[in-house]
Amino acid sequence: MILPFDDAYFMKRAIQEAEAAFEKGEVPIGAVIVVQNKIIARAHNLTEQLNDVTAHAEMQAITAAANFLGGKYLQNCTLYVTLEPCQMCAGALYWSQISKIVYAATDTERGFGAMGTKLHPKTEIVGGIMENEAADLLKRFFIQRRNLN
């Protein structure tokens, strides 16, 4: 039986991933990918740990989901991510043909919207789900980081 979870339920799981990133000293961004109300991929930023600028939460989640599904396309999948994807991640999401992207906080400087990056024309986009919770975590991280330097 498939339970009808809502966007807030899955965004909470993405925020848990962001909290794991925070604990590792990574920018606290988390992501989960869902198909038929089942989480098939969980990820968070690993750019510092892996010393890799492409190790964003979304990129890690795309790879994990594609491996789970056994193919490169994420049709009928939904990405829940705590911050609006950047241009790089939006490009990868475009090519994955993901069906839906749900993000929490808007990135007014580096988000795909601010950068004018296009997503796949069939991709549905929803923003602002649990925005305050995700934004507060990011603010706490950068305040803590400034205080350490």
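Residues numbered from 1 in each chain as written. Predicted model: local features only at pLDDT ≥ 70, side-chain atom pairs only at ≥ 80, totals over all residues. Heavy atoms only, no water.

Looking at the packing of aromatic side chains
Overall, the coordinates contain eight aromatic pairs when judged by the stated rule. Summarising the aromatic geometry, the rings of phenylalanine 5 and tyrosine 9 are spaced 4.1 Å apart at their centres and angled 15° between planes, so their arrangement reads as stacked. A residue is classified by how much of its surface remains accessible, and tyrosine 9, at 31% relative accessible area, is partly exposed. Between phenylalanine 10 and tyrosine 80 the ring centres are 5.3 Å apart and the planes differ by 35°, which places this aromatic pair in the tilted class. Here phenylalanine 10 is found in helix H1 (residues 7–23), whereas its partner tyrosine 80 is found in strand E3 (residues 78–83), with 70 residues between them in sequence. (Phe/Tyr/Trp six-rings, centres within 6.5 Å; stacked < 30°, edge-to-face > 60°. Buried < 20%, exposed > 50% of the residue type's maximum accessible area, 1.4 Å probe, protein only. Helix = DSSP H or I, 4+ residues; strand = E, 2+ residues; numbered from the N terminus.)

Here's the deal with the UniProt feature "binding site: Zn(2+)" (unreviewed entry) in the protein chain
UniProt feature "binding site: Zn(2+)" (unreviewed entry): in the numbering of this structure it lies at His56, Cys86 and Cys89. Judged by maximum C-alpha separation, these annotated positions cover 34 residues in sequence but sit close together in space, the widest gap being only 9.3 Å. From the set just named, the residues that line the largest pocket comprise His56 and Cys86. Structurally, histidine 56 can be placed in the loop between helix H2 (47–50) and helix H3 (57–69). Setting aside anything within four residues of it in sequence, one finds histidine 56 in contact with Asn45, Thr47, Cys86, Met88 and Cys89. The exposure class assigned to cysteine 86 is buried, which follows from its relative accessible area of 16%. (UniProt positions renumbered as here; feature names shortened; annotations may be inferred. 1 Å grid on protein atoms, 1.4 Å probe; cavity = no way out; pocket = protein on both sides within 12 Å on 5 of 7 lines; lining within 4 Å. Contact = heavy atoms within 4.5 Å.)

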